[in-house]
Structure formats: C-alpha cells, structure tokens
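Each chain, letter by letter, is given below.
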Amino acid sequence: MANQNQKHCLKIPLLKLLLTIILCSVFYFLGLYITSSYSTSASPSSIPLLHSLNCTEPNLSVLPHLDFEPHHTLSIPEEPRNQLPFLSFCPSNFTNYCPCHDPSREKLYTNQRKFRRERHCPELHEKPKCLVPRPLGYKRPFRWPKSRDYAWYKNVPSKQLTVYKKSQNWVRLEGDRLVFPGGGTSFPQGVKSYVDEIRRILPLKSGNIRTALDVGCGVASFGAHLMDYNILTMSVAPRDIHDAQVQFALERGLPAMLGILSIHRLPFPSRSFDLAHCSRCLVPWTDYDGLYLIEIDRVLRPGGYWLLSGPPISWKTNYKGWERPPHELEEEQSRLEDLAKRLCWKKIAERGAVAVWRKPTNHVHCLKRSRIWMSPRFCVEGDPDAGWYRKMEPCITPLPSVKDTSDVSGGALEKWPKRLNTLPHSLIGEGISAMSFDDDNRLWKGRVKYYEIILQSLSDGRYRNVMDMNAGIGGFAAALIKYPSWVMNVVPFDANKNNLSIVYERGLIGTYMDWCEGFATYPRTYDLIHANGVFSMYMDKCDILDIMLEVYRMLRPEGALIIRDHVDIIVKVKDIADRMKWDGRILHSENGPFHAEKILLIDTSEKLS
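What comes next concerns the included structure. Every residue gets a number counted from 1 within its own chain, in the order that chain's sequence is written. Since the coordinates come from a predicted model, pLDDT governs what is reported: local features require at least 70, and pairs of side-chain atoms require 80 or more to be given and counted, while whole-chain, interface and lining totals use all residues. Excluding hydrogens and water, the side-chain figures rest on all heavy atoms present in the structure.

**Looking at the overall build of the protein**
Part 1: Helix and strand counts for the protein stand at 19 helices and 17 strands.
Part 2: For the protein, buried positions account for 55% of its 609 residues.
Part 3: Contact criterion: two residues are considered in contact whenever any of their non-hydrogen atoms come within 4.5 Å of each other. Sequence separation of 24 or more characterises 70% of the internal contacts of the protein that already satisfy a separation of 6 or more.
Part 4: All accessibility values rest on the Shrake-Rupley procedure with a 1.4 Å probe; residue burial counts only the protein chains present in the view. Counting only carbon and sulfur atoms, one obtains 54% of the accessible surface of the protein, whose full area is about 28,800 Å². Secondary structure elements are defined from DSSP: runs of H or I of at least 4 residues count as helices, runs of E of at least 2 residues count as strands, and each element is numbered from the N terminus. We call a residue buried when its accessible area falls under 20% of the maximum for its residue type, exposed when it is over 50%, and partly exposed in between, using a 1.4 Å probe and counting protein chains only.

**Considering the environment of Trp345**
Part 1: By the secondary structure assignment, Trp345 is in the loop between α11 (326-342) and β9 (346-351).
Part 2: Taking the C-alpha atoms as reference points, Trp345 and Pro360, separated by 15 residues in sequence, lie 6.2 Å from one another.
Part 3: The contacts of Trp345, once residues within four sequence positions are left out, are Leu293, Ile296, Asp297, Leu300, Trp306, Ala340, Trp357, Arg358, Lys359 and Pro360.

**Let's talk about the state of the cysteines**
Part 1: The rule for a disulfide is simple: a pair of cysteine sulfur atoms within 2.5 Å. Inspection of the entire model under this criterion finds six disulfides.
Part 2: Disulfide pairing places Cys90 opposite Cys130 at an S-S distance of 2.0 Å. The disulfide joining Cys90 to Cys130 has a torsion of about 100° about its S-S bond and is therefore right-handed. Remark: Cys130 occurs in the loop between α4 (103-106) and β1 (150-152) and Cys90 occurs in the loop between α3 (47-52) and α4; sequence separation between them is 40 residues.

**Focus: α11**
Part 1: Between its terminal C-alpha atoms α11 stretches 24 Å, which fits the 24 Å expected from 17 residues at 1.5 Å a residue.
Part 2: Of all the residues in α11, the buried ones are Leu329, Glu332, Gln333, Leu336, Leu339 and Ala340. Down the axis of α11, the buried side of the element spans an arc of 125°, and every buried residue falls inside it.
Part 3: Here the buried face of α11 lies against α9 (291-299), β8 (300-309), α10 (315-322), β9 and β10 (354-358).
Part 4: Immediately beyond the C-terminal end of α11, within one or two residues, lies Cys344, with a positive phi of roughly 75°. An expected span of 1.5 Å times one less than the residue number is assigned to each helix. To be clear, the arc concerns the directions from the helix axis to the C-beta atoms.

**Some details on the sheet that holds β8**
Part 1: In spatial order, the strands read β6-β5-β4-β7-β8-β10-β9; together these seven strands make up an open sheet with mixed pairing. The open sheet has two edge strands with one neighbour each: β6 (256-258) and β9. Each neighbouring strand pair of the sheet contributes to a mean axis angle of 20°, computed without reference to strand direction.
Part 2: Alignment of strand β5 (residues 232-237) against β6, held across three bridges, turns out to be parallel. Note that in β6 the partner of Val236 across the bridge is Met257.
Part 3: Axes, fitted as lines to C-alpha atoms, cover a helix only where it is in contact. Angles between the N-to-C directions of the axes lie from 0 to 180 degrees. Against the sheet, α9 contacts β4 (211-215), β7 (273-279) and β8, and its axis sits at roughly 135° relative to β8.
Part 4: Seen against the sheet, α11 touches β8, β9 and β10 and runs at an angle of roughly 145° to β9. DSSP-based pairing: two strands are paired if at least 2 bridges between them are found.

**Quick notes on the environment of Tyr512**
Part 1: Residue placement: Tyr512 occurs in strand β13 (residues 509-513).
Part 2: On the basis of relative accessibility, which here comes to 4%, the residue Tyr512 falls in the buried class.
Part 3: Through-space distance from the C-alpha of Tyr512 to that of Asn470 is 9.8 Å; in sequence the pair is 42 residues apart.
Part 4: Of note is the side chain of Tyr512, whose polar atom sits 2.9 Å from the side chain of Asn498. Pairing of N or O atoms within 3.5 Å defines a polar contact, subject to two protein rules: one partner must be a possible hydrogen donor and the other a possible acceptor, and residues neighboring in sequence count only if both atoms are side-chain atoms.

**Some details on the pattern of salt bridges**
Part 1: The term salt bridge refers to a side-chain nitrogen of Lys or Arg lying within 4 Å of a carboxyl oxygen of Asp or Glu. Enumeration over the complete set of coordinates arrives at 32 salt bridges.
Part 2: One salt bridge connects Glu126 with Arg105, and the closest N-O pair in it is separated by 3.2 Å. Here Glu126, found in the loop between α4 and β1, pairs with Arg105, found in helix α4; they are 21 residues apart in sequence, far enough to count as distant.
Part 3: For Glu126, a relative accessible area of 37% corresponds to the partly exposed category.

**Quick notes on the sheet that holds strand β16 (residues 584-588)**
Part 1: Spatially, seven strands are ordered β13-β12-β11-β14-β15-β17-β16 in an open sheet, and the strand pairing comes out mixed. The sheet is open, and its two edges are formed by β13 and β16, each paired on a single side. Strand-to-strand, the axes of this sheet are offset by a mean angle of 20°, without reference to chain direction.
Part 2: One ladder, built from five bridges, connects β16 with strand β17 (residues 597-603); its direction is antiparallel. Its bridge partner being in β17, His588 is matched across the sheet by Lys598.
Part 3: Against the sheet, helix α18 (residues 544-554) makes contact with β11 (465-468), β14 (526-532) and β15 (555-566), and its axis sits at roughly 145° relative to β15, the strand it touches most.
Part 4: Where helix α19 (residues 567-579) meets the sheet, it contacts β15, β16 and β17, and its direction lies at approximately 155° from that of β15.

**Quick notes on a nonpolar patch on the surface**
Part 1: A cluster of nonpolar residues, Leu18, Leu19 and Ile22, forms a patch on the protein surface that exposes about 280 Å² of accessible area.
Part 2: For Ile22, the location among the structural elements is in helix α2 (residues 13-42).
Part 3: The class of Ile22 is partly exposed, set by a relative accessible area of 44%. Nonpolar side chains (Val, Leu, Ile, Met, Phe, Trp, Tyr) are joined into patches within 5 Å and like charges within 9 Å, using only residues with over 30% relative accessible area and no salt bridge.

**Considering unusual backbone geometry**
Part 1: Here the amide bond leading from Trp144 into Pro145 is cis, since omega sits at 10°, within 30 degrees of zero.
Part 2: Across the junction of Trp416 and Pro417, the peptide omega takes the value 10°, indicating a cis bond.
Part 3: Summarising the element assignment, Pro417 is placed in the loop between α12 (364-369) and α13 (425-429).
Part 4: Despite not being glycine, Lys114 has its phi angle at roughly 55°, a positive value.
Part 5: Topologically, Lys114 is positioned in the loop between α4 and β1.
Part 6: Even without a glycine there, the phi angle at Leu282 is positive, about 65°.
Part 7: Along the chain, Leu282 falls in the loop between β7 and α9.

Nothing here speaks to function; it is geometry throughout.
Okay, here's the thing in structure tokens:
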C-alpha cells in the first residue's frame, strides 16, 4: 500500500506546482543571461527598434556601423573583401554617357522613322565596368525653386542651345550660370503668357488635370510652369543635335526622360495622362496611318486633352515666318482635323497659336460611328498597358465598357490632391480592399518617417529629383508628397504585378524599366534613389554590379541612396559600394534587429563643397 502511494505522489498538485516554478526559474535566469550578453555587444543597433516602439528617443544623430558577419547565412567569400580591387573611373569622354542612347551606337541603326534615336542598349559583354566621372568644376546644383531658373554651366557644359536657340530665349549663358528665362519656339512672349492663353481654354486650376505629357519638351519650361497649378509633367525628348535638352530639364529639378515616338510604344500604361502637349515638336502626326496620334490616344485618360501649337496651327498668320506655302499647311491641318475626328476626339478650341482636342470619356458612340468615319480599327487583343519594347499598332485602344453614355470608362477620378489617397479603380478591379490600400499608405508613411531619422537631410528639402526603382503602387512617392520633390516611379516591366497604371491613377508619374539595361536619363540627374527589393529581384537575371554602376551614373555626387533588401543581398551590394569608394552603412530597418530585412544607406552629401 505504501509503494502504491509513493508511485502516485508526483500527481499531487503541490508537487506539480513546485516543478513548474523550478523550470520557469531556470529558463528565466537563462533568458536574462542571453539578453545581457546580446545587449552588451548589440545594444546600439537596437536603436531603430526602440524608436519604432515609441520608447524614449535616444540620440540618433549618428547611427553606428553594424556588423552582420556572425549572423547572416551568406557563405564566406574565398578572398577577403578588402582585397577586391576598387573600380576605376571611365575616360573623360564618358562624362555624359547614356548607355542606351549612345550616339556612336545609334549610327548602327536605320534612321527610318527616326529608329536610331530609340533605345539601343549595349550587350552584356560590352558594358563598361567603370564609374562615370563628373565634369571638371562640378558644383552642388541650386536648390528648388531657384533651380527652375538657374544652373551651373560647368554641371552641364553645353553651349549649343544657348547659340542655336538664342533668338527664342530658351537658355542664356551669363558668366558661370545658365539662365532659363522661359522662352520657347512656340511661345516667344514667354511660357507664362503661353500658359495663360491655355488657362482660358482648359481648367488648369480645377484639380482635374494632374498628369501631363510633353512630347519634344525642349528644356521643359512648359512643365516647369505647370507646376504652379500642381500639374506634374513627364517631359520627353530624344537625344538629338541639340545636346542636353533632357539634362537641362533634370538639372532644373523637372521630371524628364529621353524618349521619342518611333517604332515602339511610349513606356507608359494606357490611360495615364490627363493632358498631352506638343509645342512644335516636329512629330509627323498624320503619317504612318496616324500611328503617333493613335499612341497619344492610348496614353490619354478618358476625357483627357491633347494640346498642339506650332505648324500647322494658326497657319494663316504664320506661314511666312515658317517659310512654307499656305496651301501645304492648310492641307496638313485638314488631315490632322480628319484624323482627330476618326479617333472620336472633339475639337474644343483653337485660339491664337493653340488648338485643343478632347478624348471621349467612353467609346459607346465611337463604336457606332467608326465605320461611317472610316476610323482606325479597334485593337482586339494584346495588353493595352504593355509599354516596354512593344511595337505600336494602327488600332485604337478600346476603353473599358460602361453601362451608360454619360459614364467615364474605368471610373471617374477624384480631383487632386484627393486623388492621391483615394482607392484606385484598378485596385478595386483586382479585389483589393480599401483597408489594404490604407495599410500600404501607413506602411510607407512609417518607413519614410524612419528614413527621416537615418537620413536627416531628407526633411530639409535637399532632394528634389527622386527615383523609386521598384515603386509598387506608389506608396513611397505618396509619403514624400509633403516635401518639395517629385518621384520617378519605376515599375520593372516583368514585375509580378503591373502597378504602373495604379501609380498614374493616384496622380503620380513613372515608367517601365528593365534594370538589366540603362535608364533613359543623363548622368548625375537624381538626388535620391530608393531601391526596395530590386537587387534580390534581379540577382538571377543579370550582374548586380552593372545595376550598381547604373545607380552610380544616375546619382548626383551629393546625392543619397537607400537600399532595402534581405541581409544576404545587402552584404553583397555593400561589397560593391565599397569598391566604388562609397561610404555605406548597413542599418536595421524599422522592423528592428531580429528582422532579415536591412537597409544600406549611402549619403555622399558631405563630400561635395
């Protein structure tokens, strides 16, 4: 009987409680020991986590360098990293090198339909493995808004426009400065007078016009002046005989990129722009079965406006100055009017040097009239949003179906700025809820708030031209809206989801891109570049060294780079940054030290006087 009682003594509740207390105590003291050991060696790096929990804010003026060597899973390199050679600078003739718009490469292609001015990128084995140098005497650019009117000549040492367009007042050279007085080929009285004339026709102040496309932009004075109306303009021009038009625009702090209407579609989704503009851009709009105006129709939003000035508009009063026969100009305008009608556009005004047409808000009536008007056929297949090396076709991109003739295809948009944070119709079509959209906005607001801590110059207006290399639905750009900056939202053409149409629907701008190639811009044209998951996305597609060399080419010498990625990827990219003699710091993300996502921060602002 005694033995039986002894066997069951452990089942007594008091003994169970005692054993539980002993085990808990052991694990408690073990936890204290581990925490104490970790905090001794890593407590400074836990600062981001403490801040994210709204604890008492420590001094974050200088964040420590972090060493992840003992903690990540990346295999140890065969040779020590400090023995890898530094990357050298390219020859001085690479100062304005544009990989996919290289004049020496352009000569290999036909000039039919100006094809040689499109993108023609070098093969992988042809890519130079060197750093694009800055020009001698380069200075920190003027800050916005002063940069809209002034630039240092040595930053863009090109005099061709100052001579060739001297009488049109595009740009003047005064001492060591370039001055942009706001002149242009089609607005001799200045861009302000030109836009004032447009304002009498279009509701520029209403908030209904937010995104604009300027084809053949010159030095982007038109886009510069539209900023006074909160209109964000994507200015596009080819690299041609007038060197550096797009470079001038970006140096002024204005959105611009190299591009031309030739063979392929523009790198934008359908229904992107509220306004498209051409001021004597020399595009043969009625040639090739109206292909180029059909492309403008594709990227114009339902109810969007097309604005044209220069030949043949106002030919009756200007044919002598243009040195062209009046009957020739009259016939050209007649063909243009006919094509616009067959696209179902309505001409709403022709006043002075300006003519304006409006795209219909839906295609209900247009489908019925297309046979009578002998309109271009409607496209029946293909992705209307595809804009990366997709050839243009002489067919009208159909608008989404509507129930009533008064409806706006795809849904009416809110006025700016309410449009920015209103759930886009494109997301609704994908079944994304308003809550998920709001969560993404909150996520990026939190991340940008954290960036303000690790990059304190973010909040002082230093960064005007910003690029997001993997923009998603534009959350990063939306969170930056409070700053005097604009963001080029880049969506990789082969991303899992094509979100660029959502970016435009929010009233932001951007482009498609393959980061295995060079971007359509000049060197030193972005103040801040943000790369979220880009390097892990391209790790198996091309050499990430080439991507980093492209980032180096685009980033201004006083700029900053923020890379978010898995710690293993960050360590690899940090090795390359070291070889570029960039002083990069690996930091925890706002998620704290136990999260695999880390940040590589490179701030070169202190290295340029």
